[in-house]
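# Breakdown of the fold
Here is what each chain is made of, one letter per residue.
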Amino acid sequence: MPHRHELEKLLHSQDTRDCGADMATAEAYARAIADIEGSIVVVSDLRQGTSRIFAGDFASVFSLDDYRVEQSIWESAILSLMPEEVRDFKYISELCFFHFVRKQPAQKRRQFHMVSRLAMTDRRGALVEVLHRLHYIYDDTSENMLYAICTYSPATLPFGGKCGAVNNVSGRYTELSPADGNNILSRRERQILSMVKSGKTSAEIADELFISIHTVSRHRQDILARLNVRNSHEAARLATAMGLI
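Throughout what follows, the structure given in this document is the object of discussion. Since this is a predicted model, take the numbers as computed values, not measurements.

## Some remarks on the sheet that holds strand S5 (residues 127–138)
Strand order across the open sheet formed by 8 strands is S3-S2-S1-S6-S5-S4-S7-S8, with antiparallel pairing between neighbours. Edge strands, defined here as strands with exactly one partner in the open sheet, are strand S3 (69–70) and strand S8 (173–175). Along the sheet face, helix H2 (residues 23–37) touches strand S1 (40–45), strand S2 (50–55), S5 and strand S6 (145–154) and points at about 170° away from the line of S1. Contacts between helix H4 (residues 84–102) and the sheet are confined to strand S4 (112–121), S5, S6, strand S7 (163–167) and S8, with S4 contributing the most and set at about 180° to the helix.

Now the structure itself:
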């Protein structure tokens, strides 16, 4: 689960000393959504690393009626019902969305939520299409995410994409395909990482691109920081899985 670990590290690395809404407020939102929509709603405290689950009527489709608490920001009982490739797609999509909102001006980050189409195995063993939505609740500065609210409901809404960011004000939909690397790595960074993956040294990359070794090294460090990984091997693996290179 490398993509899950990368996203978790990014979320935990935030500075949340300046707080805003409390957990009770986030839970009230989640409970209302579950009651009104009948959806399965998960509210995760990104500071404490815990989650509360509010099982609306839709939970009965998956025998999750009594699902209530997780000592993690990940809803393991729900994730276990997804095929491995769907679960991995979910992690990658949320990582793309994290980088997308971080690139927005702080005052506009609250305007976006993520929507994606997933699949889960129901209590009869059949795959059911599920609409997944992700909202973040921010601190007072809108710089850091305090809570994540994930909603799982039947995929009955007219949604033709796979994963995207929705602007709550304009209604504009921006596809967040894992194959679109422009939101995470620059063209030059993707070019250099691709060359690193092929086994080229920094000196060889510098010669081929007519830049200095110092510039190559700076790009490589920026790549590690953007993907929040420890070395170039991990960066190449993650970027390949996300379709960035």
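Back to the text.
## Comments concerning the environment of phenylalanine 100
In this fold, phenylalanine 100 is placed in helix H4. What makes phenylalanine 100 buried here is its relative accessible area of 8%. Expressed as a C-alpha distance, the spacing of phenylalanine 100 and isoleucine 184, which sit 84 residues apart in the sequence, is 7.7 Å.

## Quick notes on the nonpolar core
Ranked by internal contacts, the top residues of the largest apolar core, which has 38 residues, are Ile40, Ile78, Phe97 and Tyr152. Of all the elements in the fold, those that place two or more residues in this core are S1, helix H3 (76–79), H4, S4, S5, S6 and S7. By residue number, the principal contributor to this core is H4, which donates 7 residues. Ignoring anything within four residues of it in the chain, the contact list for isoleucine 40 reads Ile53, Phe54, Gly56, Phe58, Ala59, Phe62, Leu64, Ile78, Cys150, Thr151 and Tyr152. Listed in part, the 14 residues of the second largest apolar core include Cys96, Leu193, Ala235 and Leu244.

## Points about the side chain of histidine 113
With respect to the helices and strands, the residue histidine 113 is situated in strand S4. A polar side-chain atom of histidine 113 sits 2.6 Å from a polar atom in the side chain of asparagine 168.

Thresholds, definitions, all that
- Residues numbered from 1 in each chain as written.
- Predicted model: local features only at pLDDT ≥ 70, side-chain atom pairs only at ≥ 80, totals over all residues.
- Heavy atoms only, no water.
- Pairing = 2+ DSSP bridges.
- Helix = DSSP H or I, 4+ residues; strand = E, 2+ residues; numbered from the N terminus.
- Contact = heavy atoms within 4.5 Å.
- Axes fitted to C-alpha atoms, helices over the stretch in contact; angles between N-to-C directions.
- Buried < 20%, exposed > 50% of the residue type's maximum accessible area, 1.4 Å probe, protein only.
- Core = buried A, V, L, I, M, F, W, Y, C linked by side-chain atoms within 4.5 Å.
- Polar contact = N/O pair within 3.5 Å; in protein donor to acceptor, adjacent residues only side chain to side chain.

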